[in-house]
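The primary structure of each chain is shown beneath.
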Amino acid sequence: MLEKNKDFLRNIDLGLLILRINVGGLMLFHGIHKAIHGVDGIAGMLAAKGLPTFIAYGALLCELVAAAMIVLGVWTRAAAAILTANMVVAILMAHADVLFSINPATGGWAVELPALYLLGSLALCFTGGGKYALTKGTVLD
């Protein structure tokens, strides 16, 4: 019985679909929040570092468009690379002061949520979207 189901138990493409839904789907919530409530918080952080505030709209686009592309499996590797870069910048901008800290309330790494997005999207950069992606077969997929 187990021998018959070994393909299902080792379904890499299903695992990639679940990873895409996890990374892209959960990031969409952040993008939707920014679309509804604005990007003033990010713009303020950028301004404080002497950077142009219009860059905040790049985070909004990334968290909406790239996240949706990841969920759908459209140019997954390219979208994941954009999200990876977005998360590196987010960690450096908003979480650098607690990068090497433990959250005293949970005992977890203080940067674990951004790190999960970063590492999940980085994994998709290397794997692509898998069989259940809308586009496949190019370096962008």
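Here is what the cut-offs are and how they apply
- Residues numbered from 1 in each chain as written.
- Predicted model: local features only at pLDDT ≥ 70, side-chain atom pairs only at ≥ 80, totals over all residues.
- Heavy atoms only, no water.
- Helix = DSSP H or I, 4+ residues; strand = E, 2+ residues; numbered from the N terminus.
- Buried < 20%, exposed > 50% of the residue type's maximum accessible area, 1.4 Å probe, protein only.
- Contact = heavy atoms within 4.5 Å.
- Areas by Shrake-Rupley, 256 points an atom, 1.4 Å probe, with all protein chains shown as cover.
- Lys, Arg positive; Asp, Glu negative; His and termini not counted.
- Charge placed at Lys NZ, Arg CZ, Asp CG, Glu CD.
- Salt bridge = Lys/Arg side-chain N within 4 Å of Asp/Glu carboxyl O.
- Expected span 1.5 Å × (residues − 1).
- Polar contact = N/O pair within 3.5 Å; in protein donor to acceptor, adjacent residues only side chain to side chain.
- Bend = angle between axes of the 7 residues up to and from the residue.
- Core = buried A, V, L, I, M, F, W, Y, C linked by side-chain atoms within 4.5 Å.

Comments concerning the overall build of the protein chain
Part 1 of the argument: Within the protein chain one finds six helices and zero strands.
Part 2 of the argument: Mapped in sequence order, the helices and strands of the protein chain form the string α-α-α-α-α-α.
Part 3 of the argument: The principal-axis extent of the C-alpha atoms belonging to the protein chain is close to 60 × 35 × 25 Å.
Part 4 of the argument: Within the protein chain, the fraction of its 141 residues that count as buried is 31%.
Part 5 of the argument: For the protein chain, the proportion of contacts with a sequence separation of at least 24, taken over those separated by at least 6, is 68%.
Part 6 of the argument: By element, 71% of the accessible surface of the protein chain is carried by carbon and sulfur atoms, the whole surface being about 8,600 Å².
Part 7 of the argument: Mean positive and mean negative side-chain charge positions of the protein chain (9 and 8 charges, respectively) differ by 9 Å.

Some words on the environment of Ala66
Part 1 of the argument: Secondary-structure assignment places Ala66 in helix H4 (residues 56-72).
Part 2 of the argument: Each residue touching Ala66, except ones within four places of it in the same chain, is listed here: Leu61, Ala79 and Ile82.

Digging into the pattern of salt bridges
Part 1 of the argument: If you walk through the whole model with that rule in mind, you get one salt bridge.
Part 2 of the argument: As a salt-bridge pair, Glu63 and Lys34 come within 2.8 Å of each other at their nearest N and O atoms. Of this pair, Glu63 sits in helix H4 while Lys34 is found in helix H2 (residues 12-37), placing the two residues 29 residues apart along the sequence.

A word on H2
Part 1 of the argument: With 26 residues, H2 should cover 38 Å at 1.5 Å per step; its first-to-last C-alpha distance of 37 Å lies within 8% of that length.
Part 2 of the argument: Every buried residue belonging to H2 is among Leu16, Arg20, Val23, Gly24, Gly25, Met27, Gly31 and Lys34, and all of these are buried.
Part 3 of the argument: For H2, the secondary structure elements touched by its buried residues are helix H3 (40-48), H4, helix H5 (76-94) and helix H6 (112-127).
Part 4 of the argument: Between a side-chain oxygen at the N-terminus of H2 and the backbone nitrogen of Asp13 the separation is 3.2 Å; the capping residue is Asn11.
Part 5 of the argument: The positive-phi residue at the C-terminal boundary of H2 is Gly38, with phi of around 90°.

A look at H4
Part 1 of the argument: Its 17 residues give H4 an end-to-end C-alpha distance of 24 Å, which sits within 8% of 24 Å, the value for a rise of 1.5 Å per residue.
Part 2 of the argument: By the largest-angle criterion, Cys62 marks the main kink of H4, which is about 30°.
Part 3 of the argument: Those residues of H4 that sit buried are Ala56, Ala59, Leu60, Cys62, Glu63, Ala66, Ala67 and Ile70.
Part 4 of the argument: Of the residues trailing H4, Gly73 is marked for its positive phi of about 75°.

Examining the nonpolar core
Nonpolar side chains tend toward joint burial in soluble globular proteins.
Part 1 of the argument: Formed by 17 residues in total, the largest nonpolar core has its most connected members in Met27, Ile70, Ala80, Leu83, Met87 and Leu124.
Part 2 of the argument: Residue assignment for this core shows that the elements contributing at least two residues are H2, H4, H5 and H6.
Part 3 of the argument: The greatest single-element share of this core, amounting to five residues, is contributed by H5.
Part 4 of the argument: One finds Ala43, Leu46, Leu60 and Met93 within the second-largest nonpolar core, a separate group that totals six residues.

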